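Inside the fold
One-letter residues, chain by chain:
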Amino acid sequence: MITLYDHPFSPYAQKVKISLREKGLAYEAPMPGGLGAGGAQGAFVEASPRAEVPALVDGDVRIFDSTIILEYLDDAYPEPAMRPKSAAERARVRMLEEVMDTHFEAINWGLSEIRWFRRAEGEKAEALFAAAKAQTDGFFAWLEQQLGEREWFNGETFGWGDLSVVPYLNGSVGHGHPPPEGSKLAAWLARANARPSVAACVADIAALNSAGASMTNVAELVEQGLFKREYRDHRLEWMIKSGGIDVVLKGLERDNIRFAPAFS
């Protein structure tokens, strides 16, 4: 049995779950303890030294990073293949994935920082919301061009290119920024969400929310020192370029103060 350390809110973990489901592979998806609070340990940290999801364990194999996991799954379980056949097409969808993972993701992350963590409020929050909306619209136009006349980003069949986009667009929808109505991108998103592998990820999120694990109280957890945000390079770049450098500095100061005893 494959083990995938997961958090349903993670678009990176969703990418891997979509691949596993498309391939019909049986797996278990435990949600490790200590995420965001600095207390992760055990087999999860052995598989993922940064204590980040997703991390995959397949027998003696331990892999972190969603892209590396996807590559492993296509190599170890080649049917059905998620990657396109030609080298050029594989490069195209990998570049698409790179944009979504390191540019688009940062926008949704930044919105979560403001909306759920309340890292910024008032005029500062409104300015960052406006920047995120404009940037998201720009990426929607770019994605529309990338899709072109294809039915799927991957080409003739659903695959790597599609699973690399759909978690992030669903995240945008959750933030109130859906693709333009009537666009090819909106039609693609409807097709992608109709696939059982993608619909199951949406159901995972709904189940977690129903269990009381929504993000509505996370700002209080931050204030209590029970939740710590992890700043990655592409997220820092987005916040700084979008005018939120003071948001980053205040967040780092608060987290460092809260967690100073753990590092003394």
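From a predicted model like this one, the values you see are computed outputs, not experimental measurements.

**Let's talk about the overall build of the chain**
Across its full length, the chain holds 12 helices and four strands. Summarising the internal contacts of the chain: among those between residues at least 6 apart in sequence, 71% fall at separations of at least 24.

**Examining the pattern of salt bridges**
A full pass over the atoms with the stated rule returns 18 salt bridges. In this structure, D74 engages K23 in a salt bridge whose closest nitrogen and oxygen atoms are separated by 2.6 Å. With D74 in helix 3 (residues 66–76) and K23 in the loop between helix 1 (11–22) and strand 2 (27–28), this pair connects stretches of sequence that are 51 residues apart. The exposure class assigned to D74 is buried, which follows from its relative accessible area of 6%.

**Focus: the nonpolar core**
By size, the foremost hydrophobic cluster in this structure holds 52 residues, and its most contacted members are L20, L143, F153, V165, L169 and W188. The leading source of residues in this core is helix 4 (residues 87–115), at 10 residues. Setting aside residues up to four positions removed in sequence, V165 forms contacts with L96, M100, L143, F153 and W188. Membership of the second largest hydrophobic core comes to six residues, among which are Y5, F44, A47 and V57.

**Overview of the pairing of strand 3 (residues 55–58)**
Neither face of strand 3 is left uncovered, since the one carrying A55 and V57 and the one carrying L56 and D58 both have all their residues buried. Alignment of strand 1 (residues 2–5) against strand 3, held across three bridges, turns out to be antiparallel. When the sheet's bridge partners are listed, T3 is paired in strand 3 with V57. With four bridges connecting them, strand 3 and strand 4 (residues 61–64) associate as antiparallel partners.

**Quick word on the packing of helix 3 against helix 4**
Packing of helix 3 against helix 4 leaves a shortest axis separation of 12 Å and a crossing angle of 150 degrees. When the axes of helix 3 and helix 4 are compared, the pair comes out roughly antiparallel. As for how helix 3 packs across helix 4, the hand of that crossing is right-handed. In contact with S66, T67, L70 and E71 of helix 3, helix 4 contributes R94, E97 and D101. Of the residues contributing to the contact of helix 3 with helix 4, the split by class is one nonpolar, two polar and four charged.

**Observations regarding unusual backbone geometry**
That bond from V53 to P54 is cis: its omega, 5 degrees, falls within 30 degrees of zero. Mapping P54 onto the fold places it in the loop between helix 2 (43–47) and strand 3. Following E79, the chain continues into P80 via a peptide bond in cis, with omega recorded as -10 degrees. Within the secondary structure layout, P80 lies in the loop between helix 3 and helix 4. You will see that A51, though not glycine, has its phi angle at about 55 degrees, which is positive. Secondary-structure assignment places A51 in the loop between helix 2 and strand 3. Judged by its relative accessible area of 25%, A51 is partly exposed. Of note in this structure, R118 is not a glycine but carries a positive phi near 55 degrees.

Reading the values: rules and limits
Residues numbered from 1 in each chain as written. Predicted model: local features only at pLDDT ≥ 70, side-chain atom pairs only at ≥ 80, totals over all residues. Heavy atoms only, no water. Helix = DSSP H or I, 4+ residues; strand = E, 2+ residues; numbered from the N terminus. Contact = heavy atoms within 4.5 Å. Salt bridge = Lys/Arg side-chain N within 4 Å of Asp/Glu carboxyl O. Buried < 20%, exposed > 50% of the residue type's maximum accessible area, 1.4 Å probe, protein only. Core = buried A, V, L, I, M, F, W, Y, C linked by side-chain atoms within 4.5 Å. Pairing = 2+ DSSP bridges. Axes fitted to C-alpha atoms, helices over the stretch in contact; angles between N-to-C directions. Parallel < 35°, antiparallel > 145°, perpendicular 65-115°, else oblique. Left-handed = near helix turned anticlockwise from the far one by under 90°. Nonpolar A, V, L, I, M, F, W, Y, C, P; charged D, E, K, R; others polar.

So, to be careful, I would describe these as geometric facts and stop short of saying anything about function.
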